[in-house]
Amino acid sequence: MEERYDPERIEQEWQKTWEEGRAFAAEEDSTRKKFYLLEMFPYPSGRIHMGHVRNYTIGDVVARYLRMTGRNVMHPMGWDAFGMPAENAAISHRTHPRDWVESNIANMKSQLKRLGLSYDWDREVNTSVPQYYRWEQKFFIEMYERGIAYRAKSPVNWCPRCKTVLANEQVIEGRCWRCSTDVVIDEKEQWFLKITAYAEDLLKGCDRLPGWPERVLTMQKNWIGKSEGCEIMFKIEGMDEDLRIFTTRPDTVYGITFMSIAPEHPLLGKIIAAPYRAAAEAFIDKVRRGGTKAREIEIGEKEGVFTGRYAISPFTGGRIPIYIANFVLMEYGTGAIMAVPAHDQRDFEFAKKYGLDIRVVIQPEGSAPPDPKTMDQAYEGPGKMVNSAEFTGTDSEMGKKLVIEKVVREHRGDSKVNYKLRDWGISRQRYWGAPIPMVYCERCGIQSVPLDQLPVELPMDVSITGEGESPLARNKGFVDTVCPKCGGPAKRETDTMDTFMESSWYFEKYTSPGKTGGPFDKDALAYWMPVDQYIGGIEHAILHLLYARFITKVLRDLGYVMYDEPFTNLLTQGMVIKDGAKMSKSLGNIVDPEHIIGRYGADTARLFILFAAPPEKDLEWSDKGVEGARRFLDRLWRFAYKYIDKLKTVRTSDAGDDEKSMAIRRVTHRTIRRVTDDIGDRFHFNTCVSALMEMLNSLYEADEKGIGDGQMPALRESLETLLVLLNPFAPHITEQINRELGNGPMLRQKWPVYKEELLHDNTVAIVIQVNGKLRGQVRMPEGSDESAVLAAASGDERIASYIRGRQVKKLVLVKNRLLNIVL
RNA sequence: GCGAGGGUGGCGGAACUGGUAGACGCGCCAGACUUAGGAUCUGGUGGGAUAACCUUAGGGGUUCAACUCCCCUCCCUCGCACCA
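As the structure is a computational prediction, the values presented were derived from the model and not from experiment.

### Some thoughts on empty space enclosed by the protein
Inspection of every chain in the model, using the stated rule, returns three cavities of 30 Å³ or more. Taken as a whole, the second largest cavity holds about 40 Å³ of empty space. Forming the boundary of the second largest cavity are F24, R64, R67, M68, N727, M746 and L747. The class makeup of the residues in the lining of the second largest cavity is four nonpolar, one polar and two charged. Residues lining the lining of the second largest cavity come from more than one domain, with at least three contributed by each of domain 1 (33-127 + 501-594) and domain 4 (623-758).

What follows is the structure in C-alpha cells.
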C-alpha cells in the first residue's frame, strides 16, 4: 500500500476497471426486485457545473447503496440534445449543431465518468438522433389521429430575440424564460397538444403521489388552476346574442350591479352603443398598447368604460350596465363576468371608482349585513343569502347549488369547471429540434406522414444564420415533398417540436434503448417502469414534470404504457450557491467541478457536496469545507496504512470478546445502524457522513490508547465496515483500501447488518435531572429501575446536594436514559 | 394577499415518535513535532466575572420534561398572484 493517498491515480484506475467490466450494466431479472433510479438528464452545454455534480452525486449514493442491499438497480444517463443553444453556437462558432452537440456530449461524458458515477452507459440516449425522435413523431401522429394534437390559429407568445413561439409556461413575468426579452403577442398557426383534456387526470394524480414533495404538487395544482362554478347567459337589451359569463359565486347573482367584459371580447363591436363608440375604442386601444406587460405584470389601477348597453338579469329582470374593464381576461372563462361589488374585491374597487351601485346579498355568520355606504372592502366569505328573492335565508354554499339548478331549469346556463391550464403549444420555428411529421397538400389539406415513412429526418445540409425564416423553411430538399394521399406536390411542416417533448418520455426509452421495431420493449418496460426515484432541480417543478406526466397519460391511452404516473418518488435538490447567491457567470462566483476534482479528487468533491447540507436544501459552497472532506479521506488512508500489514493476516470472524475488541465492535455496529437509518428512508446523507467521521475518530481514539494484536480481527471488521458504509459516498478510495486488505471488489458486496447484541454495553449513562434541570450523570447496569438509579444518584455528591433535606414528590424514569427527580 | 417551507453558536448544519440542545465539519484559541508550516497530531471552543444562571426569532401556554405540541407576534426564502 502506498503511504500517501493519491486520488488521481486511484480514481482513474477504478474508473477504468468499472468501464471495462461494464460494472453498472443493468439487466432485467424477474427474480430480483428492481429499482429504477433516475436523475434529470442534462442539456449538453459542454461542461458540467456544480448543480450537475450535486444532482448526480446524490443519485449515485442512492444507486450504489441500493445495489449493495441487493436491489437490481437501473441507473441510466443521457442527453437532452435538441434545443436552441446548439443553434446559437452554430451561428457564432460556424459549426453544425450536430457536431457541437456531439463534442459537448463527449466532453461531459468524460467529466461524469471522472466523478465516478455508476451509470449504465449502455443505455445512453441522445434525443437528437432519428432513432430516438422517430418514435416521438409516431406518438405525434397517433395523437393527431385522436385529436390530442391539433392545429389552430391562436395568439402566441413570440420572443423577438429567439424568433420563436413560447409556451405559456416559458413566459416568466411577460418575458422570455431564456433571454428575458419582452414577449409580444402574435397570431400564428400552431400545433397544440390537448393537455387541457387531461387537466382533471393530472390534478387527481397529484393526490396519488405521496412520494412527491408537497410544494411541487401545490405548484402543479396551482398551475392547473381548477375552479368550479357555472356559466350563465344574460340577454343583451336590443340584441339577439346572449352575454355568457362564468362565475364561481352563483349565490351572489342578486348582488349584480354591472357586467365587465374583456377589451378583446368578440361581441364588443356590436355591444358598444353609437354615442359611446369613440370613448370605448380609445380605451380598448389604450389597453392593447399596454400589451401583456401592463396587463399581466403591473397590478395596475382597475379601469373601464361604459358601453352604453345593458344586459337583463334573468333573476330580477333588472337592467345591468355593461362595462369594458381592463382586468377582465379574454383567455379565461368566457371573457365576461358578472360584477358583484359587495362580494368581490375587484368589482368593489371598480364600483367605487366609477360610482356604481353596491348591493349586499350575503350576510356573514353571526353579524349584521355590511352597509354598502360604509364598507371599505368586499365581503368575500360565506354566509346567509339576503335580498335574494326566494333564496333569502339560504346558506350561501347551498345557494350556489340552488341557483345553478334554477339557471339550468330556465335554460340560462349550466354548471361549469374552468382550468387555468392552457393547451400546450409545441411548434417552434427553429431548426435544431424534432420535425413535426406533417405535410400540407393544396388539394388534400393537412396530412400526417405515413408511419412507414418515419422518421422525418432533420436534414443536415442547412445554413444557419439566425436571420429570417427558420433554416428548415429555406431548405427546399426538405420542404418539397409529395402528398401521401394524392401523390401530388406538397410541402412539409417546417416547425419543430418543443424540446420538452423529448424529455417527456426519455425515461421510458432507457428501458430498451436499442429497440428498433417499436419505441419500447414491452417486457423491459413492464419490469423497470415506473421510475422509483427521480432526482432533479426544483426549477422543473412545473414545466418538465407536468409535461412528462401528461405524455405518460397520453402514452397510456395510446396503449404504450400501463401506468398512470411515471415517477413514484421525487426528490428536488437545492441549488449550489456561493457567497449567498446562485453560481453564475455574471456574478463571477462559479466554482468549476473539474478544478475541484483535479485538485482534491472526485471522492472529496462527492463527500463534501453530500456532507455540507441535506439534499433538498441549498448548499453553500465552501473551499474550506472541501479541504475538511479531503482531510477525512487522508485520515482514513493513514489509519489503514498504519494497520494494513497486521490486518491482512487476520480474519474478521476471529474477533475476540475482550473489552477493547468489544468497544471497537460496538462502535462498528452502532455506526451501521446510524448510517443505514439515515441513508435508506431519509436520504440524510450529511448525517451519514458525520456518523462515519465519528467512527473514524473513535478508531483513532482506540489507536491512541493502543490497539494490540488481539484486537486486529475486531479492527479488521471495523475498517471493512467503514469502507462498505462509505463506499456509496466515496467509491474509489474505499475500493482501493478494500483491495489492499486483500478483498475482492465491493461492487457486489452486501450492505452490512448490525448485530443487535453488539449495540449495547452492559452499562449505560443515565442523565439525572432535578426538577427538569440537568444535574449530573450516573453509570448504571442496563435496565436499572427507578429506585436503583435514585440510590446511585443520591450517592453522587453534586446531585445529592440538590436533593438534600427535601421531599421527593415524583420520579420520572426514561429507561436507560434519564431520571427526573421532582421535588 | 394566497399557498408552501424556514428562523438553532462566528459559519454549514445535528437532535428520527417531547427526554443530556449545539453531533459532525469549518473557523478560532492554546500546545506538540519542526529550520519552517498554509502539513500533521493533542486539547479547548454557545453566552456569562466559567459562580448563580441564561440560551433554539420574540411572547404566552400545556408537561415532571419543549428546538420538538398549542396560541399570538415578527422576520426570511420559494411559488402563485386581477383566473371572476
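That covers the picture; the talk isn't over yet.
### Looking at the sheet that holds strand 9 (residues 184-193)
Pairing in this open sheet of four strands is antiparallel, and the strands run 6-5-9-19 from one edge to the other. Edge strands, defined here as strands with exactly one partner in the open sheet, are strand 6 (164-166) and strand 19 (424-425). Bridge count between strand 5 (residues 149-159) and strand 6: three bridges; the pairing is antiparallel. Its bridge partner lying in strand 6, C159 is registered against T164.

### Overview of the domain arrangement of chain A
Taken domain by domain, chain A consists of domain 1 (33-127 + 501-594), domain 2 (135-194 + 423-495), domain 3 (227-418), domain 4 (623-758) and domain 5 (763-822). Contacts between the two partners involve twelve residues from domain 1, matched on the other side by 17 residues from domain 4. For the pair domain 1 and domain 4, the summed buried surface comes to about 1,300 Å²; carbon and sulfur atoms form 73% of the total. Sorting the residues of domain 1 by area buried against domain 4 places V61, Y65 and M68 first, and these three jointly supply 52% of that buried surface. Our enumeration of links across domain 1 and domain 4 arrives at zero salt bridges. Tallying contributions element by element places helix 2 (residues 50-68) first for the side of domain 1 that touches domain 4, with seven residues. Its residues assigned to classes, the side of domain 1 that touches domain 4 comprises seven nonpolar, three polar and two charged.

### Comments concerning the pattern of salt bridges
Side chains that carry opposite charge are capable of pairing whenever their charged atoms lie near each other. Evaluation of the coordinates by the stated rule reveals 54 salt bridges. Between R244 and E231 there is a salt bridge; the shortest N-O distance is 2.6 Å. In this pair, R244 is assigned in strand 11 (residues 242-247) and E231 in strand 10 (residues 227-236), connecting sequence segments 13 residues apart. Look at R244 and you get partly exposed, because its relative accessible area is 40%. Residue E231 is classed as buried on the basis of its relative accessible area, which comes to 13%. Residues joined in a network through salt bridges with shared partners are D201, R549, K553, R556, D557, D564 and E565.

### A word on the nonpolar core
If you look at the biggest cluster of nonpolar residues, it comprises 183 residues, and the most contacted ones within it are M143, L193, W424, F550, W621 and F729. Listed in part, the 36 residues of the second largest apolar core include I232, I271, A311 and V340.

### Focus on helix 7 (residues 214-224)
Taken together, the buried positions of helix 7 are V216, L217, Q220 and I224. The arc enclosing the buried residues of helix 7, seen along the axis, measures out at 100 degrees, which places them on a common side. Contact partners of the buried residues in helix 7: helix 6 (199-206), helix 15 (543-557) and strand 27 (567-573). Phi for G225, located one or two positions after helix 7, is positive at around 55 degrees.

### So, the packing of aromatic side chains
In this structure the tally under the stated criterion is 46 aromatic pairs. Seen in terms of ring centroids, F306 and Y310 are 5.6 Å apart; in terms of plane orientation they differ by 70 degrees. Their pairing is edge-to-face. Note on F306: relative accessible area 15%, which makes it buried. With a centroid separation of 6.0 Å and 40 degrees between ring planes, the pair formed by Y431 and W432 is classed as tilted. Considered together, Y431 and W432 belong to a single accessibility category, that of buried residues. Members of the aromatic cluster, connected to one another through ring pairs, are F258, Y276, F306, Y310, Y323, F327, F350 and Y354. Geometry around W18 places R64 over its ring, the cationic atom sitting 4.6 Å from the centre.

### Re the protein's contact with RNA strand B
Surrounding RNA strand B, one finds 49 residues, the nearest of these being T247, T248, K302, Y332 and R346. Of all atoms in RNA strand B that approach within 4 Å of the protein, 63% are sugar or phosphate atoms. In this structure, S227 approaches RNA strand B through a side-chain N or O atom, which is 3.3 Å from a phosphate oxygen. For RNA strand B, a base nitrogen lies 3.3 Å from a polar atom in the side chain of Q777. The dominant element in the surface near RNA strand B, judged by the number of residues it contributes, is helix 20 (residues 685-705), at six residues. Looking at side-chain class alone, the surface near RNA strand B contains 16 nonpolar, 14 polar and 19 charged residues.

Definitions and limits used
Residues numbered from 1 in each chain as written. Chains lettered and ligands numbered in written order. Predicted model: local features only at pLDDT ≥ 70, side-chain atom pairs only at ≥ 80, totals over all residues. Heavy atoms only, no water. 1 Å grid on protein atoms, 1.4 Å probe; cavity = no way out; pocket = protein on both sides within 12 Å on 5 of 7 lines; lining within 4 Å. Points joined across faces, edges and corners; volume = space filled by probe spheres on them. Nonpolar A, V, L, I, M, F, W, Y, C, P; charged D, E, K, R; others polar. Domains from an automatic or database assignment. Pairing = 2+ DSSP bridges. Helix = DSSP H or I, 4+ residues; strand = E, 2+ residues; numbered from the N terminus. Contact = heavy atoms within 4.5 Å. Buried area = accessible area lost by both parts, 1.4 Å probe. Salt bridge = Lys/Arg side-chain N within 4 Å of Asp/Glu carboxyl O. Buried < 20%, exposed > 50% of the residue type's maximum accessible area, 1.4 Å probe, protein only. Core = buried A, V, L, I, M, F, W, Y, C linked by side-chain atoms within 4.5 Å. Arc of directions from axis to C-beta. Phe/Tyr/Trp six-rings, centres within 6.5 Å; stacked < 30°, edge-to-face > 60°. Lys NZ or Arg CZ within 6 Å of the ring centre and 35° of its normal. Near = heavy atom within 4 Å. Polar contact = N/O pair within 3.5 Å; in protein donor to acceptor, adjacent residues only side chain to side chain.

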